[in-house]
Each structure stands twice: as C-alpha cells, then as structure tokens.
Amino acid sequence: MKSSSVPIIDLSAFSGGVGGDNGTAAEEQKKVAIQLRNACEHVGFFYITGHGCDEKVMDTMSDHTSKFFDMPAEDKIKLEARNNPLWRGYNSVETGAHSCTPEDAAENPPDLKESFTIGAESTPSAKSPMHGPNQWPDETNNGSSLKGFEAAARLYWESLSDIVGTRLMQALAMSLDLPPDFFTSKAQRKPHSQMVLLRYPPTAPASENSEGLEVRRADGSWMSAAPLKDNKHAFVVNLGDMMKYWTNDRYQSTEHRVTNPSSTNTRHSIPFFLAVDYDTKVETIASCRDYRGGEVYDPCQSGEYILGKLGLMHLAKTGKSSDEEDSDDGKAKNPDAKKRKVANEVEAVA
C-alpha cells in the first residue's frame, strides 16, 4: 500500500480514559485504534489532534525555544553537552550530529542545526544510567528573555509524557488488541524519555521542493509531513525502534529527513522521545510472532538498547569523518548540504 499523505488521527475519544460504562466512547476508541493500526502498518507516521496538550503550554515552549537559540553564542557555549555526563545541553551547528554510527558520520556531514537536549532526571524511585542531571540556562543573567524557561520546559515535558503519552500508548495498545494499559503500565517507575529543542538555520539557496519534514515511503519516494496549515497545534508522530521490536516489524519505524525550505527564516522543532521504563524487557508480542514467519528480533532491555544507540551517536560526534580528514580546517566539506535525518515532534515508545 502506497500512502499519498500522512494520516491525521483524532485522539479525543481517549480524553476520559479507557474502560467504564460509556459504550459510545468505547466504540469511538475502537475506531481510532483501527485508524492507528493502518497508519502504523503502512506509514509509521501520523498526525494526532485531540491529544490533550494545552495550546498555551505549546505556544509558551515554542516562544522559549526561539529565545534560547537567540542567546549570545558565549552564553550557549556555557551549556555545551560535552560538559554533561549524559551529553545533555547545547550543541552548535559545528558540534551537532544525528548519525547513529561512526560510519554514518563518515558518509554524511554533521546536521545543520543547533540543539539543546533535556532528559529524565533521577529521583529516589527513578535511577538508571539514563537518569541524571540536566543543564539549565541562567535565567537571571539573561535579563527577562529567558525568565521561566525551565518551568516552561518542565510543564511541556509533563504534558507530553503524562497526557499526550498516556492517550497515545493506550490507543497503540488497543490497535494491537492488547489491554489498554499494556504500554502505560511499563512507564510508571523510571521512563527514560528525552526532549530536544532544535533550530535549523536558513538554507542558501532555498529548497523549493520541500516543506520541511519528509517521510520515506516503502517504494523509496518521499512525502511531506509539514505542519498542518489548519491546525498548527497538531503533533506529528513517528514510531521508534522499540515498537518495531515489539511488533516484529508489523509496525514501521520509518526513515525521515528534514530540509529548511527557507533562505531567510529559521526552523524550530521540539521532538519528544516517549519511552517506557529503563529496565522494561522488550520482546515480540504474541500476536505478532508469525508476522514475518517467526520472531525477527531477540528480546532486549529498553534502556540498554537506547543507551547503546546514543553512545554510538556520541562516538560519531567526536570522531572525524572522511570529509573532515580531507579538509584543511577540520570541518566537513559540504556545509551547505540541506537534507538530513531528524526525529520529529513525538517518537512513540522509543
């Protein structure tokens, strides 16, 4: 099946939770689950509306994201990710990368973006190799422009994790004919989610054939996943590798890329990587075991898998690519390359 567009799915049927005696709501939830199943099997990407995140919370975080990247370079450098044991904090265009292996980094120049990464913090009940401290800008030393940044980021995180994430995980479980709490019950103690603020600089020349985020179809062609013009508060969601593992490749973790189509405007994005508890065992769901004629993936631990993947990305960031070795100034030869892979607004069950 070749999809001509990214599906739009309304999650408002899950606003009151699942179960109970409301037969109408239950029927609506079943319809949503079927829509979600089709999107996950054939595209791996979908927009969600009716997600429950307050529009003011979204707008405030968007505003703070712009203000953060507008800070003087010397203030952002103080928050460099290399100063953090979990590589959280700021990466400039020169230091950023989104390659998963050193080999990828050798083939592709670093991503043309600035980023600021925020991760799950340690609590008495949530400790793991992926739980730890974040870096935060000094709001008092930057006038009023960044006042409230940390509070806004924490509120946005909670909204995505507790409200949007809960509705989405319940709907995904129902789409697989599982109990509605199959995924949410695995994200109660120490989920290792992450959030990344991104800024893409203007491109020169502008890319006339792109609207930003693009999703790769099964036949290798690309389709747009640009923000919805009639609903700027919709989220675009892609499935992560763990969902692919759980479903034995029945649900797609789809390749995607981003281009800033503007020669004058910057592009911002705030991807949120929704995760289950660090020590969750991820193994093929019983109903999916025969999908590929047998289980494709060995069981793994969610946190260890993601930690290993991030470790390879960090190695790619610090290693030199072949382009860098051949250049005189140590920088990639193709700084104007515009198309790069990028994670989008919400990655479901990473």
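Keep in mind it's a predicted model, so treat the numbers as computed, not measured. (Residues numbered from 1 in each chain as written. Predicted model: local features only at pLDDT ≥ 70, side-chain atom pairs only at ≥ 80, totals over all residues. Heavy atoms only, no water.)

**Q** Can you help me understand the side chain of Lys76 in this one?
**A** Positionally, Lys76 belongs in helix H3 (residues 73-77). There is a polar contact of 2.8 Å between the side chain of Lys76 and the backbone oxygen of Phe69. When neighbours within four sequence positions are excluded, Lys76 is seen to be in contact with Phe68, Phe69, Met71, Tyr90 and Glu114. (Helix = DSSP H or I, 4+ residues; strand = E, 2+ residues; numbered from the N terminus. Polar contact = N/O pair within 3.5 Å; in protein donor to acceptor, adjacent residues only side chain to side chain. Contact = heavy atoms within 4.5 Å.)

**Q** What am I meant to see in helix H5 (residues 149-175) here?
**A** For an α-helix, 3.6 residues make a turn, and residues three or four places apart therefore share a direction. For H5, with 27 residues, the first-to-last C-alpha span of 37 Å sits near the 39 Å given by 1.5 Å per residue. The sharpest bend along H5 measures roughly 40° and falls at Gly165. Taken across its 27 residues, H5 has 19 buried, putting it largely inside the fold. Asp177, located one to two residues past H5, shows a positive phi value of around 60°. (Expected span 1.5 Å × (residues − 1). Bend = angle between axes of the 7 residues up to and from the residue. Buried < 20%, exposed > 50% of the residue type's maximum accessible area, 1.4 Å probe, protein only.)

**Q** Looking at this structure, how should I read helix H1 (residues 23-42)?
**A** In a regular helix each residue adds 1.5 Å, so 20 residues correspond to 28 Å; H1 covers 29 Å between its end C-alpha atoms and thus fits that length. Residues of H1 that are buried include every one of Gln29, Val32, Ala33, Leu36, Arg37, Ala39 and Cys40, and no others. Projection of H1 onto a plane perpendicular to its axis shows the buried side chains occupying an angular sector of 165°, all on one side. Following H1 by one or two positions, Gly44 has its phi on the positive side, about 85°. (Arc of directions from axis to C-beta.)

**Q** Would you mind showing me how to read the packing of aromatic side chains here?
**A** To describe a pair of aromatic rings, you give the distance between the ring centres and the angle between the ring planes. Considering all chains together, one arrives at 12 aromatic pairs under this definition. Each ring, one from Phe68 and one from Phe69, has its centre 5.2 Å from the other, and the planes form 80°; the classification is edge-to-face. Of the two residues examined, Phe68 and Phe69, each falls in the buried class. Through successive ring pairs, a cluster of aromatic residues spans Phe68, Phe69, Tyr90, Phe116, Trp136 and Phe149. Here the basic side chain of Lys186 rests over the ring of Phe182, its NZ or CZ set 3.8 Å away from the ring centre. (Phe/Tyr/Trp six-rings, centres within 6.5 Å; stacked < 30°, edge-to-face > 60°. Lys NZ or Arg CZ within 6 Å of the ring centre and 35° of its normal.)

**Q** I would appreciate a short explanation of the pairing of strand E8 (residues 235-239) in the present structure.
**A** It is a general feature of regular strands that their side chains alternate between the two faces of the sheet. The buried fraction of E8 is high, at five of five residues. Neither face of E8 is open: one carries Phe235, Val237 and Leu239, the other Val236 and Asn238, and all of them are buried. Summarising the sheet, strand E2 (residues 45-49) and E8 pair through four bridges and their orientation is antiparallel. Counterpart to Tyr47 in the pairing with E8 is Val236. (Pairing = 2+ DSSP bridges.)

**Q** Whenever I open this one, the pairing of E2 confuses me. Can you help?
**A** With respect to burial, E2 is a largely interior element, five of its five residues being buried. Pairing geometry for strand E1 (residues 8-10) and E2, over three bridges, is parallel. Its bridge partner being in E2, Asp10 is matched across the sheet by Thr49.

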